[in-house]
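Read off the chains here:
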Amino acid sequence: MQLINIWRHFHTITEHKIMVARHCFKVGMYWQGLTHDLSKYSPSEFWQGVKYYQGYRSPNNAEREDKGYSAAWLHHKGRNKHHYEYWIDYSTGPVKGMTGMKMPLKYVNEMIMDRIADSPHNYSEMGIDGFMIDPETRALLAYILKMLDKKGEEKTFAYMRKYMVGRKNYPKIK
């Protein structure tokens, strides 16, 4: 392991965490901003990130190519409720098998901030069609990403503050 990769990986995850926190703070999600992605600093995620660090893509992809799976990603998605993958479970409805469950709104809000920090442009083109995600959660995510693309962060964050942050129920979307 190169010493420089320890610094580079630490810098990358910390920079991302700070960006997400800033966005969360703008809409009043202070606790989620402070605690976002803390598991990335845990040994099981951090050291895999250092080992597979390349600087231009997620180390999880390199680990996945090397091993056939990413232990760091499996650890991460199992501890961070803002990832839709956390909410995949067996269906309780008439369709059998695995399905996406409806995410609590506070985690949808954090997921949106995470996506903005990961890709600051082309919000609506982030490819959510192939996700195993609850249809209502997908519709809300698509609505907000489209709003970001058309109206920008300031108006979208104002909408989120008014209709989404601190609420239990999804807003009615047009």
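What counts and what doesn't
- Chains are numbered independently. Their residues run from 1 in the order of the written sequence.
- Whole-chain, interface and lining totals are the exception, using all residues; otherwise, since this is a predicted model, local features are given only for residues with pLDDT of at least 70 and side-chain atom pairs are given and counted only at 80 or more.
- Calculated side-chain values reflect all of the structure's heavy atoms, with hydrogen atoms and water omitted.
- Helix numbers and strand numbers start at the N terminus; a helix is a DSSP run of H or I with at least 4 residues, a strand a run of E with at least 2.
- Exposure categories follow from relative accessible area, calculated using a 1.4 Å probe and restricted to protein chains: below 20% of the type maximum is buried, above 50% is exposed, and the middle band is partly exposed.
- We call two residues contacting when some pair of their heavy atoms lies within 4.5 Å.
- Asp and Glu are treated as the negative residues and Lys and Arg as the positive ones, with His and the ends of the chain left uncounted.
- For salt bridges, the criterion is a side-chain nitrogen of Lys or Arg within 4 Å of an Asp or Glu carboxyl oxygen.
- Each polar contact in these results corresponds to two N or O atoms within 3.5 Å; when the atoms are within protein, one needs to be able to donate a hydrogen and the other to accept it, and residues that are neighboring in sequence are counted only if both atoms are side-chain atoms.
- An axis is simply a line fitted to the C-alpha atoms; with a helix, the fit covers only the stretch in contact. Between two such axes, the angle follows the N-to-C directions and lies from 0 to 180 degrees.
- Note on angle classes: values under 35 degrees are labelled roughly parallel, values over 145 roughly antiparallel, values of 65 to 115 roughly perpendicular, and the remainder oblique.
- Each crossing gets its hand from how the near helix is turned against the far one by less than a right angle, where anticlockwise is left-handed and clockwise is right-handed.
- The classification used treats Ala, Val, Leu, Ile, Met, Phe, Trp, Tyr, Cys and Pro as nonpolar, Asp, Glu, Lys and Arg as charged, and all other residues, Gly among them, as polar.
- The patch calculation keeps residues exceeding 30% relative accessible area without a salt bridge and links them within 9 Å when they carry like charges or within 5 Å when they are nonpolar (Val, Leu, Ile, Met, Phe, Trp, Tyr).
- Note on areas: these come from Shrake-Rupley sampling with a 1.4 Å probe, and a residue is covered only by the protein chains present in the view.
- When the centres of two rings from Phe, Tyr and Trp lie within 6.5 Å, Trp using its six-membered ring, the rings pair. Their planes under 30 degrees apart give stacked, over 60 give edge-to-face, and anything left gives tilted.
- Here, a charge over a ring means that NZ of Lys or CZ of Arg falls within 6 Å of the ring centre while also lying within 35 degrees of the ring normal.

Caption draft 1: Looking closely at the environment of F10. With respect to the helices and strands, the residue F10 is situated in helix α1 (residues 3-26). What makes F10 partly exposed here is its relative accessible area of 34%. Setting aside its immediate chain neighbours within four residues, F10 contacts Y41 and F46.

Caption draft 2: Representation of the side chain of E110 within the structure. Residue position: E110 is located in helix α6 (residues 105-118). Buried charge without a partner: E110 forms no salt bridge, and the closest opposite charge is K106, 7.7 Å away. A polar contact is formed between the side chain of E110 and the side chain of Q32, at a distance of 2.8 Å. A polar side-chain atom of E110 sits 3.3 Å from a polar atom in the side chain of H82. Those residues in contact with E110 that lie beyond four places of it in its chain are M29, Q32, H36 and H82.

Caption draft 3: Up close: the packing of α1 against α6. Packing of α1 against α6 brings their axes to within 9 Å, and their N-to-C directions diverge by 130°. Classified by the angle between their axes, α1 and α6 sit oblique to one another. The chirality of how α1 crosses α6 is right-handed. Contacts from H16, M19, V20, H23 and C24 of α1 reach α6 at M113, D114, I116, A117 and D118. Considered class by class, the residues forming the contact of α1 with α6 number six nonpolar, two polar and two charged.

Caption draft 4: Highlighting a nonpolar patch on the surface. A cluster of nonpolar side chains, contributed by F25, Y30, W31 and L34, occupies part of the molecular surface with about 500 Å² of accessible area. Ranked by residues supplied to the nonpolar patch, first place goes to helix α2 (residues 30-35) with three residues. Residue placement: Y30 occurs in helix α2.

Caption draft 5: The packing of aromatic side chains, seen in detail. Under the criterion given, the structure shown has nine aromatic pairs. Taking 6.1 Å as the distance between ring centres and 35° as the angle between the ring planes, the aromatic pair formed by W87 and Y107 counts as tilted. With W87 in the loop between α5 (71-77) and β1 (88-90) and Y107 in helix α6, the pair connects residues that are 20 residues apart, well separated along the chain. Judged by its relative accessible area of 19%, W87 is buried. Taking the relative accessible area as the measure of exposure, Y107 reaches 16% and is therefore buried. Here the aromatic residues W7, F10 and Y41 are joined through ring pairs into a cluster of three or more. Between K102 and the ring centre of Y170, over which it is positioned, the NZ or CZ distance is 4.4 Å.

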